[in-house]
Amino acid sequence: MKAERSMRLLRLCSITSARHMSEAAARHGAGHQLLMVVGLGNYGMSGTRHNVGMDALNLLARRLNIAELWKKDKQCGADIIQSGIGQARLVLLKPRHFMNINGKSVGSAAGRFCVIPENICLLHDDLDKPLGKLSLKFGGSARGHNGVRSCIDSLQSDSMARLRIGIGRPADNTSVERYVLGRFTRNEQELLTAILERSVDMVMAHIMQRCAIAPSGNLIISKKERNEPSKA
């Protein structure tokens with residue numbers, strides 16, 4: 001079923017986005033793997049727990065020395081960078097919609113750039129993991145995350161990779177909504193820089209692995225969730 005959905009998306013792209021594909025081929029060269037990395041969040045709310053995925057994407061752009069290339073894309077309702085790493089072409093995307101409808105931007109960009117769900121990686125916060133715990137998950141349900149659910153609904157697929165960045169749950173009676181929309185405490189902020197750096201390390205490793213094992217675009221990835229290696 002997932003393979004059928006991917007094939008339908010590719011057929012749709014070939015019909016509705018031929019011009020974009022031709023332009024992309026002219027700019028980047030045919031045959032290069034196209035990957036899209038998305039930082040989920042509420043645009044303009046950097047530093048809040050719910051935006052840790054978008055903050056990680058900003059750091060990824062700085063790590064790749066392309067942070068000055070962000071451009072507002074009205075068609076997709078997002079800020080976008082088009083670049084490359086090795087043999088891969090990259091689209092970095094920050095939705096300009098609220099978290100619970102981030103999928104509108106992701107779905108629009110996937111159609112415009114002809115990216116199948118399996119080639120999309122979502123970076124997002126995770127209440128069910130303690131602060132700083134990271135894992136890379138391949139496919140599956142949204143696990144209660146409204147931003148991920150919106151992406152699944154828009155793409156009609158749950159095949160996207162997700163980098164889950166633990167933010168923990170409130171220790172007191174603070175509501176979940178207030179907690180995720182709140183800023184990190186001073187003590188948490190002291191840990192945040194290292195957390196974001198490790199997040200980018202995992203995303204970079206994911207990108208390089210996909211390019212290494214699938215230069216032709218026929219990607220085969222284990223569905224097992226990959227946790228960050230223990231430092232012990």
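Remember, it's a predicted structure, so these values are computed and weren't measured experimentally. (Residues numbered from 1 in each chain as written. Predicted model: local features only at pLDDT ≥ 70, side-chain atom pairs only at ≥ 80, totals over all residues. Heavy atoms only, no water.)

Draft legend 1. Main features of the packing of helix H4 (residues 102–113) against helix H5 (residues 146–155). Interhelical geometry of H4 versus H5 gives an angle of 40° and a closest axis separation of 7 Å. Regarding the angle of H4 to H5, the classification is oblique. The handedness of the crossing between H4 and H5 is right-handed. Between H4 and H5, the residues in contact are Asn102, Gly103, Lys104, Val106, Gly107 and Ala110 and Ser150, Cys151, Ser154 and Leu155, respectively. Class assignment of the residues belonging to the contact of H4 with H5 gives a composition of four nonpolar, five polar and one charged. (Axes fitted to C-alpha atoms, helices over the stretch in contact; angles between N-to-C directions. Helix = DSSP H or I, 4+ residues; strand = E, 2+ residues; numbered from the N terminus. Parallel < 35°, antiparallel > 145°, perpendicular 65-115°, else oblique. Left-handed = near helix turned anticlockwise from the far one by under 90°. Contact = heavy atoms within 4.5 Å. Nonpolar A, V, L, I, M, F, W, Y, C, P; charged D, E, K, R; others polar.)

Draft legend 2. The layout of surface pockets, seen in detail. Taken as a whole, the second largest pocket spans an internal volume of roughly 420 Å³. For the second largest pocket, the lining is made up of 26 residues, of which His50, Leu127, Gly144, His145 and Asn146 are closest to its centre. If you list the elements that add at least two residues to the lining of the second largest pocket, you get strand S5 (120–126), H5, strand S7 (161–166) and helix H6 (176–181). Top contributing element to the lining of the second largest pocket by residue count: H6, with four residues. Its residues assigned to classes, the lining of the second largest pocket shows eight nonpolar, nine polar and nine charged. (1 Å grid on protein atoms, 1.4 Å probe; cavity = no way out; pocket = protein on both sides within 12 Å on 5 of 7 lines; lining within 4 Å. Points joined across faces, edges and corners; volume = space filled by probe spheres on them.)

Draft legend 3. A look at the pairing of strand S6 (residues 134–138). Along S6, five of the five residues are buried, which leaves the element largely enclosed by surrounding structure. Inspection of the sheet shows S6 paired to S7 by five bridges, in the antiparallel sense. Pairing of Leu136 across the sheet is with Leu163, part of S7. (Buried < 20%, exposed > 50% of the residue type's maximum accessible area, 1.4 Å probe, protein only. Pairing = 2+ DSSP bridges.)

Draft legend 4. View of unusual backbone geometry. The backbone of Cys114 sits at a positive phi, close to 60°, despite the residue not being glycine. Relative to the helices and strands, Cys114 resides in the loop between H4 and S5. Phi is positive for Gln156, close to 55°, though the residue is something other than glycine. Mapped onto the elements of the fold, Gln156 is located in the loop between H5 and S7.

Draft legend 5. Looking closely at helix H3 (residues 52–63). A rise of 1.5 Å per residue sets the reference length of H3, with its 12 residues, at 16 Å; its end C-alpha atoms lie 16 Å apart and thus fit the reference within 8%. Across the 12 residues that make up H3, a large majority, 10, are buried. Taken together, the buried positions of H3 are Val52, Gly53, Met54, Asp55, Ala56, Leu57, Asn58, Leu59, Leu60 and Ala61. Two residues or fewer past H3, Asn65 is found with a positive phi of approximately 60°. (Expected span 1.5 Å × (residues − 1).)

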